[in-house]
Structure formats: C-alpha cells, structure tokens
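# Coordinate inspection notes
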Amino acid sequence: LPLKIWQAEKNSKSELMPIEDYLKDCWAKKQEAIDMRAYEITYDELNEIIFGIHYREPEYYWTIHRSAFEENRETGLLETYYQYYEGETGRPFDRQEELEREWEIVQEKTKDCKTDLEKALVVHEHLCDTIVYTAQLGVRSHDIEGGILEKQSVCEGYALAYKYYMNRFGIPCKVVSGVSMDMPHAWNQVLINGKWYLVDATWDDTLCSKQQNSHAVKHDYFLTSEALFEDHTWDKESGKFETCSDTTYDDAEWRADARGMCAYQGGLYSAKTRIQDGKVEWGIFRYDAEDPNKPGEMVIDL
C-alpha cells in the first residue's frame, strides 16, 4: 500500500490524509490504481467527492472522463479506484498547456483592470464572445474542456469556465445547479466588494452561429440580486449557496446595454445610443466601476 495509507491503517482512522488531498496527490503522480480501503466508502460516495472537487476546482474536469473500480463484494465498500489519464489514442485527458494559453488570453484582456468588478465583467464578455451553446461534445460540453478549450458547451460548461477564471483571479465564486425556464440549468454566484451576486453568462449569450465575428451580449443576468433571477430556482435551504440580496447593480445603467463591453482602469466601456435631454447621442460611454449610481459619461462621440 502507499505509505500514507499504510500509516493511516496502522495508527487510526483519524490519521487519514483528507480524501481530497489524497486523490489530488495520486492524480499528480499519475497513479492509476489508487487504494481506497482505508477510507471505507462506496464508489457512489467517491464519485460525489470527485464531482465536488471538479465543481470547486474545474481544472480537474478530466477526472470524470474515464475511471473504474473494484469493491468488496461482502461489504460493498471500495477497494481500488482506477483513474485513466489518457484516451485510447494516447492523448492525455488533462490538457493543461492549452488551458494555460487560454488563461494568458484572459490575463491580457484584464491587464488594465483595477477592480474585481472589471475582471468579472471581462470574463463574462469573454465567455459570451467565445462559446457556442451546444451539447454536441457529450460529457465535455459540461465542463471547461468544452467551455474553454473547445469553445462549445452547455450551461454547465459556461458556469464552470466562469468559476475557473474567478478562481485564477482569487475572486470567490460558486457554481449553482437548479432550474431555469423549465430546464436543468447552471449559473454562478460571485463575491464583489464583500457582497454576493448572481451571474448567468449562458442566458446573456445570444450567439447562434460559430461563424459570426460579433454578436449581442446581454447583461440581464450579470451581477444581479435574487429579485432579478425570478426565472431561476435552486435549493436555497441546502446551505451550499449564498444569499444574493444586494441590489446595488440591479438598476445600473449598463444593464440595458446589449453590446459587448470592456473594462479599463476603473471604468466599464460600452458603445451605445442614448437619448439625453431629448437629444440622441451615439458614442462610447464610460461607467464608473466603483460607483454604479454615477451616470455613464460619453468619452468618444461617434
């Protein structure tokens, strides 16, 4: 047995390495046959743990692609868990180098951002700009391999991609599973300036064709309170999710903008038409990222 597990069995169960840490350690070493006897769990319980890791740290998406197990026929407890690291063609499931290149793109887009709100916006726009909603990739449509690497995913891929980038920025974020428009759905909760807000990049993305170079990006579901998420339902009593009651951004002027936005040095920028004092203005407007009540200021007249 691996030394850490042997020591745990010899001493007491209280000496066990936390199972999440044990699994990550084995995965890092590309260990294929992983001894699970000391943990006294079933395969279903292990699966729940692995999916929990995947939801908190989406870069472990590949752990759910192919595995096997052996259990004790008498007790039903798991004895060995087999994790596969490559497909039948020898291609690794873990595409870390590609993922790092995608992260570098987002880093470049956010290099001039001063606030977490700006970064949260840029990632929202980036996902809406790059992902095509589709289930054609099967299980990969439900994780960041589809959402970030293949640019094709369903709502779960959007939500896990958003979570992945927020993790990289150190911005607290959660993936919420529930129902929207009578369909199983996934979205996010994100912590901005000490308060939790809801984000649904899937429903803000209007792209229908991968060949389009630009498209409308809505902001109906970006940094909202639960009051604006009435068409979403989830288990609010489970203790897994946060209460999103703050309405700071519910009436933000930029919420009505149906074009992609960008962020720079404390400002959110949008090209739009606005009627001000009976006069039609067309230009690029700047919104203060730190003062949502401040009206947008036209900085370039088009």
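Remember, predicted model here, so these are calculated numbers, not experimental data. Along each chain, the written sequence defines residue order, and numbers are assigned to residues from 1. Where totals are concerned, whole chains, interfaces and linings use all residues; where local detail is concerned, this predicted model gives features only for residues with pLDDT of at least 70, and gives and counts side-chain atom pairs only at 80 or more. With hydrogens and water stripped out, all remaining heavy atoms of the structure feed into the side-chain values.

## Here we look at the environment of Asp257
Note on conventions: DSSP H or I runs of at least 4 residues are helices, E runs of at least 2 residues are strands, and numbering of each starts at the N terminus. Following the sequence through the fold, Asp257 ends up in the loop between strand 10 (232-233) and strand 11 (262-264). Linking Asp257 and Glu48, residues 209 residues apart in sequence, is a C-alpha distance of 40 Å. The contact criterion used throughout is that any non-hydrogen atoms of two residues lie within 4.5 Å. Non-local contacts of Asp257, meaning those with residues more than four positions away in its chain, are made with Val217, Lys218, His219, Ser270, Lys272 and Tyr287. A polar atom in the side chain of Asp257 sits 2.9 Å from the side chain of Tyr287. Here a polar contact means two N or O atoms within 3.5 Å. Within protein one must be a hydrogen donor candidate and the other an acceptor candidate, and residues neighboring in sequence count only if both atoms are side-chain atoms.

## A word on the packing of helix 5 (residues 116-130) against helix 7 (residues 155-169)
Where helices are involved, their axes are fitted lines through C-alpha atoms of the stretch in contact, as for all axes, and angles between N-to-C directions lie from 0 to 180°. Packing of helix 5 against helix 7 leaves a shortest axis separation of 10 Å and a crossing angle of 145°. In this structure, helix 5 crosses over helix 7, and the sense of that crossing is right-handed. On the side of helix 5, the interface is formed by Lys119, Ala120, Val123, His124, His126 and Leu127, while helix 7 contributes Tyr158, Ala161, Tyr162, Tyr165, Met166 and Phe169. We call Asp, Glu, Lys and Arg charged. Ala, Val, Leu, Ile, Met, Phe, Trp, Tyr, Cys and Pro are nonpolar, and the rest, Gly among them, are polar. Along the lines of polarity and charge, the residues of the contact of helix 5 with helix 7 split into nine nonpolar, two polar and one charged. The hand of a helix crossing depends on one turn: near helix anticlockwise from the far one by less than a right angle means left-handed, and clockwise means right-handed.

## Points about the sheet that holds strand 14 (residues 297-301)
Read across the open sheet, the four strands follow the order 11-12-13-14; overall the sheet is antiparallel. Either end of the sheet is taken by a strand with one partner, and the two such strands are strand 11 and strand 14. Taken over all neighbouring pairs, the strand axes of this sheet differ in orientation by 50° on average, direction set aside. Any two strands with at least two DSSP bridges between them are considered paired.

## Overview of a negative patch on the surface
A patch consists of residues exposed above 30% relative accessible area that lack any salt bridge, with like charges linked at up to 9 Å and nonpolar side chains (Val, Leu, Ile, Met, Phe, Trp, Tyr) linked at up to 5 Å. Here, Shrake-Rupley sampling with a 1.4 Å probe gives the accessible areas, and only protein chains in the shown set may cover a residue. In the sections that follow, a salt bridge refers to a side-chain nitrogen of Lys or Arg positioned within 4 Å of a carboxyl oxygen of Asp or Glu. Neither His nor the chain ends is counted toward charge; the positive residues are Lys and Arg and the negative residues Asp and Glu. To locate a charge, the coordinates of NZ of Lys, CZ of Arg, CG of Asp or CD of Glu are taken. A contiguous patch of negative charge, built from Asp44, Glu45, Glu48 and Glu71, is present on the exposed surface. When residues in the negative patch are grouped by element, the largest group, three residues, is from helix 3 (residues 43-56). As for its position among the elements, Asp44 is in helix 3.

## As for unusual backbone geometry
In this structure, Glu40 takes a positive phi of about 50° despite not being glycine. Assignment of secondary structure puts Glu40 in the loop between strand 1 (33-35) and helix 3. Here the phi dihedral of Asp277 falls at roughly 55°; this positive angle occurs in a residue that is not glycine. By the element assignment, Asp277 lies in the loop between strand 12 (267-276) and strand 13 (279-288).

## Topic: empty space enclosed by the protein
Grid points spaced at 1 Å and placed over the protein atoms alone form the basis of the search, with a cavity being a set where a 1.4 Å probe fits but cannot get out and a pocket an open set showing protein on both sides within 12 Å along at least five of seven lines. Lining residues have an atom within 4 Å of a point. Grid points are joined across faces, edges and corners, and a volume is the space filled by probe spheres set on the points. Scanning the model with the defined rule gives one cavity of 30 Å³ or more in all. Computed from the structure, the largest cavity encloses a volume of approximately 30 Å³. Surrounding the largest cavity, Arg286, Asp288, Lys294, Pro295 and Glu297 form its lining. Partitioning the lining of the largest cavity into residue classes produces one nonpolar, no polar and four charged.

## Observations concerning the sheet that holds strand 7 (residues 183-192)
Pairing is antiparallel across the open sheet formed by five strands, whose spatial order is 9-8-7-6-10. Looking at strand neighbours, the two that pair on one side only are strand 9 (222-224) and strand 10, the edges of this open sheet. Note that strand 7 and strand 8 (residues 195-199) share five bridges and pair antiparallel. Looking across to strand 8, one finds that Ile192 is bridged to Lys195.

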